[in-house]
Amino acid sequence: MTTRRTVLRGSAALAVATSGLAAPGRASAGGRTKANVLLVHGAWVDGSSWNAVIAILQRQGYTVVAAQLPMTSLTDDVAWTRHVLAERLQGPTVLAGHSYGGAVISGAATGVPNVVGLVYASAFAPDEGETIGGLNARFPAPPGLAFAQPDSLGFLWFDPAAIPANFAPDIPLADARVLAATQKPIAAQCFGEAAGPPAWKTLPSWALVSTQDRMINPDLERFMARRSHATTIEVRSSHASPASHPDKVAGLIIAAARAGR
């Protein structure tokens with residue numbers, strides 16, 4: 001029979017058991033707090049696209065959260081990322097975005113005092129008032145965009161048969177086929193919505209340019225990296241750099257985390 005005394009005993013035991021647990025997002029090494037990492041995925045994938053990067057960062061002792069975006073509008077995705085940042089992470093935090101996720105972190109980090117750096121992996125970095133569609137129009141269209149397939153609700157899917165050759169040709173074929181089967185569609189309006197004030201104007205940035213990207217023109221990636229004064233590396237990678245070159249992506253994130261600690 002449950003009594004007030006047994007409930008109190010249970011509460012006391014729980015308090016003892018959890019007293020040694022760190023608060024969310026407060027990894028430390030040698031008495032110094034490490035910066036946290038918030039990862040933001042791009043179109044047609046979800047947070048699991050960061051799995052290989054997450055494993056590297058966790059082995060290095062970083063607290064990592066991979067956001068799961070609704071991808072219903074850029075405004076919604078920025079708001080959700082800010083919510084995750086506020087609710088799940090405490091202390092200095094690096095935001096990293098892949099592809100469309102770069103536009104999201106550019107807005108989500110603006111005016112947030114605990115964000116210490118931004119990392120763009122094969123990603124968009126729009127200025128205020130720019131759209132992703134408008135940025136794409138500045139350079140010759142990458143071939144992969146031809147395989148976007150609109151549905152009756154205004155979402156864009158990616159032709160599954162085209163993913164291995166266009167989105168992720170440098171990961172194992174079996175993995176690319178799984179990516180195609182598990183893809184998350186994105187609302188078409190995300191590509192036409194104007195971006196707000198970008199955090200890269202006030203925060204240090206790092207960028208990985210994928211020289212073999214078939215989803216974003218590599219010259220557009222270079223243009224955005226130069227404009228944001230990002231510390232930049234170029235990698236012979238497809239658009240799926242977090243999956244195909246997780247060591248390079250993780251290295252940039254660690255550099256940003258160390259700089260902002």
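Quick note: structure is the one above.
The rules we used
- Each chain has its residues counted from 1, following the order in which its sequence is written.
- Residues qualify for local features only when their pLDDT is at least 70, as the model is predicted, and side-chain atom pairs are given and counted only at 80 or more; totals for whole chains, interfaces and linings, by contrast, use all residues.
- Note: side-chain values were computed over all heavy atoms of the structure, leaving out hydrogens and water.
- Runs of H or I in DSSP of at least four residues are treated as helices and runs of E of at least two as strands, each being numbered from the N terminus.
- The buried label applies to any residue whose accessible area, calculated with a 1.4 Å probe on protein chains only, is under 20% of its type's maximum; exposed applies above 50%, and partly exposed to all values in between.
- Any helix carries an expected span of 1.5 Å times its number of residues minus one.
- Note on contacts: a residue pair qualifies if any of its non-hydrogen atoms lie within 4.5 Å across the two residues.
- As used here, the arc belongs to the directions running from the helix axis to the C-beta atoms.
- Put simply, a salt bridge is a Lys or Arg side-chain nitrogen that is within 4 Å of an Asp or Glu carboxyl oxygen.
- Aromatic rings from Phe, Tyr and Trp, with only the six-membered ring used for Trp, were paired whenever their centres fell within 6.5 Å, and each pair was classed as stacked if the ring planes differed by under 30 degrees, edge-to-face if by over 60, and tilted otherwise.
- Only Lys NZ and Arg CZ are tested; either one counts as a charge over a ring when it is within 6 Å of the ring centre and within 35 degrees of the ring normal.

A. Representation of unusual backbone geometry in the model. Positive phi is not limited to glycine here, since S122 has a value of about 50°. Looking at the element boundaries, S122 is found in the loop between β6 (115-121) and α5 (132-136). Within the chain, H229 stands out as a residue other than glycine whose phi angle is a positive 55°. Its location among the elements puts H229 in the loop between α8 (218-227) and β11 (231-235). A relative accessible area of 69% places H229 in the exposed class.

B. Quick peek at helix α3 (residues 74-88). With 15 residues, α3 extends 21 Å between its outermost C-alpha atoms, agreeing within 8% with the 21 Å of an ideal straight helix rising 1.5 Å per residue. If you follow the buried residues of α3, they end up packed against β3 (36-40), β4 (64-67), β5 (93-98), α4 (101-108) and β6.

C. Highlighting helix α7 (residues 173-181). Every buried residue of α7 is accounted for by A176, L179 and A180. Seen end-on, α7 carries its buried residues on one side only, within an arc spanning 100°. Along α7, the residues that are exposed and aim more than 90 degrees away from the buried face are A174, R177 and A181. Where α7 is buried, its residues contact α6 (163-167).

D. Representation of the pattern of salt bridges. In this structure the tally under the stated criterion is 5 salt bridges. In this structure, the salt-bridge partner of E130 is R227, at a minimum N-O distance of 2.8 Å. Remark: R227 occurs in helix α8 and E130 occurs in the loop between β6 and α5; sequence separation between them is 97 residues. Through salt bridges with shared partners, one network takes in E130, R138 and R227.

E. Expanded view of the packing of aromatic side chains. Inspection of every chain in the model, using the stated rule, returns 6 aromatic pairs. Arranged with centres 5.2 Å apart and planes meeting at 65°, the rings of W44 and F158 form a pair that is edge-to-face. Residue W44 is located in the loop between β3 and α2 (51-59), and its partner F158 is located in strand β8 (residues 155-158); the two are separated by 114 residues in the primary sequence. The exposure class of F158 is buried, given its relative accessible area of 0%. Where F139 meets F223, the ring centres are 6.2 Å apart and the plane angle is 50°; that geometry is what we call tilted. Taken as a pair, F139 in the loop between α5 and β7 (148-150) and F223 in helix α8 lie far apart in primary sequence, 84 residues in all. One aromatic cluster is present, formed by W44, Y100, F147, F158, F167 and F191 through successive ring pairs. The cationic tip of K34 hangs over the ring face of Y62; the distance from NZ or CZ to the ring centre is 4.4 Å.

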